[in-house]
Amino acid sequence: MTARTTPQPSALTRRAALTGLAAGAGALAVGSGSRTAAAAEAAPTAAAPGPSAKAVDPTPGAMKLFDDPGFNFAGLLALGAAGMRASEVGEVLTAVNAINAAGPSEQTFSDTFRAWGDRLAAPPAAGRHGHGAPSQTRRFRSLRAAQYYAQALFYVLGTDHPGDEEAVYLAGRGAWDTFAGLCSPAAVRAEVPYGRTHLPVWFFRPEGPAEPRPTVILTNGSDGQNLDMWTYGVAAALGRGWNALVYDGPGQGQLLFVEEIPFTTRWEKVVGPLIDWLERRKDVDSGRIALTGLSMGGNLVARAAAFEHRLAAVACQPGCVSPWLGFDAELRAIVTPDKEETNRVWNEEVVPELTPQLAFAVKKRFEIFDRQALRQAREGVVPTDIWTPAQVAMGLDITKVVGRIKAPTLVLDYDFELFYPGQPQQMYDLLRTRREYVKMTEATGAQLHCSPMAPQQHCDVVFDWLADVLQR
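What comes next concerns the included structure. (Residues numbered from 1 in each chain as written. Predicted model: local features only at pLDDT ≥ 70, side-chain atom pairs only at ≥ 80, totals over all residues. Heavy atoms only, no water.)

**Focus on the packing of aromatic side chains**
Filter applied, for reference: Put simply, two rings from Phe, Tyr or Trp (the six-membered ring, in Trp's case) pair if the centres are within 6.5 Å, and we call them stacked under 30 degrees between planes, edge-to-face over 60, tilted for the rest. Only DSSP runs of H or I reaching four residues or more are called helices, and only runs of E reaching two or more are called strands; each is numbered from the N terminus. Three exposure classes are used, based on accessible area relative to the maximum for each residue type with a 1.4 Å probe and protein chains only: buried under 20%, partly exposed in between, and exposed over 50%. When the NZ atom of lysine or the CZ atom of arginine is within 6 Å of a ring's centre and also within 35 degrees of its normal, the charge is said to sit over that ring.
A full pass over the atoms with the stated rule returns 27 aromatic pairs. With centroids separated by 4.9 Å and ring planes inclined at 40°, the aromatic side chains of Phe109 and Phe113 adopt a geometry described as tilted. Within this pair, Phe109 and its partner Phe113 are both found in helix 4 (residues 106–121), separated by 4 residues, close to a single helical turn. The same class applies to Phe109 as to Phe113, namely buried. Within the aromatic cluster, the residues linked to one another by ring pairs are Phe66, Phe71, Phe109, Phe113, Trp116, Tyr148, Phe154, Tyr155 and Phe360. Above the plane of the ring of Tyr428 lies Arg435, whose end atom (NZ or CZ) is 4.1 Å from the centre.

Now the structure itself:
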């Protein structure tokens, strides 16, 4: 369990800031994982026989769908979901071939997957003999449609129609709702009060009597969609006879893309109302409620668990104590206590030098933290105020509160963890409760942030640990 270290700041130059932006903009955040190309530049190296060292390729051979590592991560994420019926191998590879033939770009990637979402969201033709087949077919077509819309959504800000972001989200949300309603039993839909709004929730139950069962609250990261929670938890929970709750918090899903509510640094205020809602249900064992967080969700759930002590277990996937440290040191050095000077340097010295790809990365990374940044991104404009969203990102640092967690805690790490290197080990070391550290490895194809090629392995590790903790 060796921690990797974060590069130390060096003298700030315009070129250094841009280099930092390339590496850091993708590293911040990432519900289903960041998909920026520059992230791979931070890949670790291994000593090769002889006097020189060569770079290690985290996605060799058949794992290389795109030359661009950002697009490649996205493709692998979609491909890996096939094991949970949240994609189809042939559909994903056909889309990949079409994108490569057209020339990979945010435009071709988003448009191609959006077309696949449109195709599958349409109701299937009725079966010849009935017997429930058409609804079952539509159920999983809708789940795959939600996957492809999610792929399109991530890159839509880099296209010539960035204002379509809400429409693409709503298309994916419609497909997800169709899927959830066709489950057996159908997912319970509810709105849980949160501040001046409500948190949309989907409560999945296994078949069988409505008796008290262990329940897992599944928390997304910064850019994942609900279908990712199916792949990384709902299916695994139902298979074990457990309940699973999926929700949108601030900075996610409906609250971000429709209501324009950015992330909060107080995630316990999000989780608390969810537990209140669950405790009122007769089919929930209130003594066995667990909380999992994927990607940046690993930070959010640790923060929640530090202050919300009704949880029976917590899983951080991966452990993340400071999303802001995912940005390169040179970029972070731009943000000083002086808001006016920070934004002057940003707008006069950095923004004019941004490539289209880096401009997309900035818009994508900052929209989750600030309403003005979100609105500017949808207008095709690079945020003019980075100081304000940066304060939110910095406010997510939980270094000083991790030791307050009382629930047993699982911390995952990954070979080639490019976004929060060293942070899982740091979180593990800070914990003062029952804890376990597990690294997902290249040896079993589970490398990279959130194991995009191995969600089944990922769920086996998490849910086997939860079963051990929650057993009575």
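Now that the structure has been shown, we can carry on.
**Here we look at the side chain of Gln317**
By the secondary structure assignment, Gln317 is in strand 8 (residues 313–317). Of the residues examined, Gln317 reaches a relative accessible area of 2% and is grouped as buried.

**As for the nonpolar core**
As a reminder of what qualifies: Take the buried residues of types Ala, Val, Leu, Ile, Met, Phe, Trp, Tyr and Cys, join any two whose side-chain atoms come within 4.5 Å, and each joined set is a nonpolar core. Contacts: residue pairs with any heavy atoms within 4.5 Å of one another.
Counting residues in each nonpolar core, the largest one holds 148 residues, and the members touching the most others are Trp176, Phe204, Ile217, Phe463 and Leu466. With 11 residues, the top contributor of residues to this core is helix 5 (residues 133–155). Ile217 has contacts with Leu245, Tyr247, Leu274, Ile275, Leu278, Ile289, Ala290, Leu291 and Thr292, leaving out every residue within four places of it along the chain.

**Overview of the environment of Asp248**
Rules: By the criterion applied in these results, polar contacts are pairs of N or O atoms within 3.5 Å in which, for protein atoms, one can donate a hydrogen and the other can accept it, and in which residues neighboring in sequence qualify only through two side-chain atoms.
Residue position: Asp248 is located in the loop between strand 6 (243–247) and helix 8 (253–257). Each residue touching Asp248, except ones within four places of it in the same chain, is listed here: Tyr169, Arg173, Leu199, Pro200, Trp202, Asn226, Gly253, Gln254 and Leu255. A distance of 3.1 Å separates a polar atom in the side chain of Asp248 from the backbone nitrogen of Gln254.

**Comments concerning unusual backbone geometry**
Omega for the bond connecting Ser184 with Pro185 falls within 30 degrees of zero, at 0°, which places this linkage in the cis form. Examined against the element boundaries, Pro185 turns out to sit in the loop between helix 6 (165–182) and strand 3 (188–194). Note the cis peptide between Gln317 and Pro318, where omega equals 10°. By secondary structure assignment, the location of Pro318 is in the loop between strand 8 and helix 11 (329–334). We note that Cys450 has phi near 65°; this positive angle belongs to a residue other than glycine. The residue Cys450 is located in the loop between strand 10 (435–440) and helix 17 (455–470) in this model. Note on Cys450: relative accessible area 1%, which makes it buried.

**Re helix 9 (residues 268–279)**
How we decide: The span expected for a helix works out to 1.5 Å for each residue beyond the first.
In a regular helix each residue adds 1.5 Å, so 12 residues correspond to 16 Å; helix 9 covers 16 Å between its end C-alpha atoms and thus fits that length. Along helix 9, 9 of the 12 residues are buried, which leaves the element largely enclosed by surrounding structure. Every buried residue of helix 9 is listed here: Glu268, Val270, Val271, Gly272, Pro273, Leu274, Ile275, Trp277 and Leu278. Residues of helix 9 that are buried sit in contact with strand 3, strand 4 (197–204), strand 5 (213–219), strand 6, strand 7 (284–294) and helix 10 (297–307).

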